[in-house]
Amino acid sequence: MELFNIFIKAAFIENLVLAYFLGMCSYLAVSKTVTTAFGLGLAVIFVLGITMPINWLISELLLSENGIFGMDLTFLRFILFIAVIASMVQLVEMIVEKVSPALYTSLGIFLPLITVNCAILGGSLFMVAREYNFTESIAFGLGGGFGWFLAIIAIAAIREKIRYSNVPPALRGLGMAFILTGLMGIAFMSLMGIDPSALMAGK
Amino acid sequence: MAETTATTPEVTVKETEPLFGKAEKKLLLDPLGDTNPITIQVLGICSALAVTSLVYPSVVMAIAVIFVCGFSSLFTSLVRNKIPKQVRMIVQLVIIATLVTIVELTLKRFNYPIYKQLSVYIGLIITNCIVMGRLEAYAMANRPWRAFVDGLGNGVGYGVILIMVAVIREIFGKGTLFAGSPIQINIIGASNDEVGYLINTAAESGIGSLFAGYYNNNLMVLPAAAMFIIGIFIWIQRSYRPTLVDVS
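Residues numbered from 1 in each chain as written. Chains lettered and ligands numbered in written order. Predicted model: local features only at pLDDT ≥ 70, side-chain atom pairs only at ≥ 80, totals over all residues. Heavy atoms only, no water.

**So, the overall build of chain A**
The helix and strand inventory of chain A stands at 10 helices and 0 strands. For chain A, the N- to C-terminal ordering of α and β elements is α-α-α-α-α-α-α-α-α-α. In terms of overall dimensions, chain A has C-alpha extents of about 60 × 45 × 30 Å along its principal axes. Only carbon and sulfur atoms are counted for the fraction: they give 69% of the accessible area of chain A, which is about 9000 Å². One way to put it: in chain A the 10 positive side-chain charges average out to a point 18 Å from where the 11 negative ones average out. (Helix = DSSP H or I, 4+ residues; strand = E, 2+ residues; numbered from the N terminus. Areas by Shrake-Rupley, 256 points an atom, 1.4 Å probe, with all protein chains shown as cover. Lys, Arg positive; Asp, Glu negative; His and termini not counted. Charge placed at Lys NZ, Arg CZ, Asp CG, Glu CD.)

Rendered as structure tokens:
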């Protein structure tokens, strides 16, 4: 139940995009149509779900004082985390290219860009800061990825519709996307009071 | 004026370009306006908007980004001819990650409260798209000095927006400026015995009575406020420069 709690919290209440502004660059750049947003969202869920447990293992087994080397190597954390993420993204890219060439061409440049998607590295750093254990880190990764997926689908759908509205010219496109994201952030904040564990206990 | 311009130049033979000529000035100043990293290029929004609720952490963050952006451009440009094309992303990331680690450790040593407050956002400078973006777009193809100036310029352009957002959010959200730093200023709100709010003290002289019943705006403390403010910045900037308007 604790895991479910973490998943819900990561996906809705502490949404990586709408509460922490992580992964904003690709979120704004790729949210023009729902189809590409969908593909990128799935890729982010996948990469977050994989890198989170791997980075957990690295920080526990290699970098912590109780690890293999028996000394505090946390200053290497950034370099190792980003290397894991970059190689995982490379792996995902190769798999997608083999399995579904259509999706690969539609995602194009955005697939390698997941490396510099702050949501991925941010997720790993949050995981360390909040001291999750191994299974919790998987739940947090999947939840965070799902939240990111949800946010980008929602903004893409709104941006597709808003093309038919009469927005002031200077605000069109980017400016409107910012303001929409702010409004969505406020909407998601209404979920803040929810305590999933209390809900479960009530059942 | 005319005399000085006539006498001074072309005395030395212009073999090499000046250290800080027109091109460098353009590189340094363009990111403040026409090619601003945040409002025009839309890069680097990720890691820092959450820190803009207070000015002091934003200033620290801006300095950190300027440092990382400038020096990563410099170092990447120095080794640019030795990097194989296939692994250039990894090389760039290692350079950036090393610089960010330096920043993190320095901050941890000299200003622990701010280090705690910024927490993961210092680490997230690594994935700040503006650093990576400048490396790819400029430093990989240009000489070290220019790359360094370009990196600095973009860092400053980023920092300026960051601090502007933070000033608005802190004044209206908390009624203070530079809270947490040694030079905290209290501006709006109920009077405070320790420092005394500027406007309430001014109320007796008539200026501040305008703000007498003002309460802090809690919306400004929410992360969403940063989005609105940047949206409005973009709106203003594009109203003045119609060429920048998004056609889509």
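Picking up where we left off.
**Remarks on the packing of aromatic side chains**
For any pair of aromatic rings, the description rests on two quantities: the centre-to-centre distance and the angle between the ring planes. A full pass over the atoms with the stated rule returns 12 aromatic pairs over all chains. Measuring from centroid to centroid gives 5.2 Å for Tyr132 of chain A and Phe140 of chain A, while their planes differ by 45 degrees, and the two rings are tilted. Phe140 of chain A matches Tyr132 of chain A in its accessibility class, with the two residues each being buried. Here the aromatic rings of Tyr112 of chain B and Tyr115 of chain B are separated by 5.6 Å at their centres, their planes lie at 35 degrees, and the arrangement is tilted. One end of the pair is Tyr112 of chain B and the other is Tyr115 of chain B, both in helix H5 (residues 112-118) and 3 residues apart, which spans about a single turn. Look at Tyr112 of chain B and you get partly exposed, because its relative accessible area is 42%. Against the face of Phe126 of chain A rests Arg130 of chain A, its NZ or CZ located 4.7 Å from the ring centre. (Phe/Tyr/Trp six-rings, centres within 6.5 Å; stacked < 30°, edge-to-face > 60°. Buried < 20%, exposed > 50% of the residue type's maximum accessible area, 1.4 Å probe, protein only. Lys NZ or Arg CZ within 6 Å of the ring centre and 35° of its normal.)

**A word on the environment of Val51 of chain B**
Residues and elements named next belong to chain B. Checked against the element boundaries, Val51 lands in the loop between helix H2 (22-29) and helix H3 (55-78). On the accessibility criterion, Val51 (7% relative accessible area) is buried. Val51 has contacts with Pro57, Ser58, Met61, Leu118 and Tyr121, leaving out every residue within four places of it along the chain. (Contact = heavy atoms within 4.5 Å.)

**So, the side chain of Arg134 of chain B**
Residue and element names in this part refer to chain B. Along the polypeptide, Arg134 turns up in helix H7 (residues 129-137). Its relative accessible area of 14% is what places Arg134 among the buried residues. Dropping the residues within four chain positions of it, Arg134 is found in contact with Gln41, Ser73, Ala139, Asp150 and Asn154.

**Description of the pattern of salt bridges**
If you walk through the whole model with that rule in mind, you get 2 salt bridges over all chains. Between Arg130 of chain A and Glu14 of chain A there is a salt bridge, with its nearest N and O atoms 3.3 Å apart. In this pair, Arg130 of chain A sits in helix H7 (residues 118-130) while Glu14 of chain A sits in the loop between helix H1 (2-13) and helix H2 (24-29), placing the two residues 116 residues apart along the sequence. The residue Asp150 of chain B makes a salt bridge to Arg134 of chain B at a minimum N-O spacing of 3.0 Å. Residue Asp150 of chain B is located in helix H8 (residues 144-174), and its partner Arg134 of chain B is located in helix H7; the two are separated by 16 residues in the primary sequence. Judged by its relative accessible area of 2%, Asp150 of chain B is buried. (Salt bridge = Lys/Arg side-chain N within 4 Å of Asp/Glu carboxyl O.)

**Here's the deal with the environment of Ala157 of chain A**
Residue and element names in this part refer to chain A. Take Ala157: it is sitting in helix H8 (residues 134-162). Judged by relative accessible area, which is 33%, Ala157 ranks as partly exposed. Taking C-alpha positions, Ala157 is 33 Å from Asn55, a pair spaced 102 residues apart along the chain.

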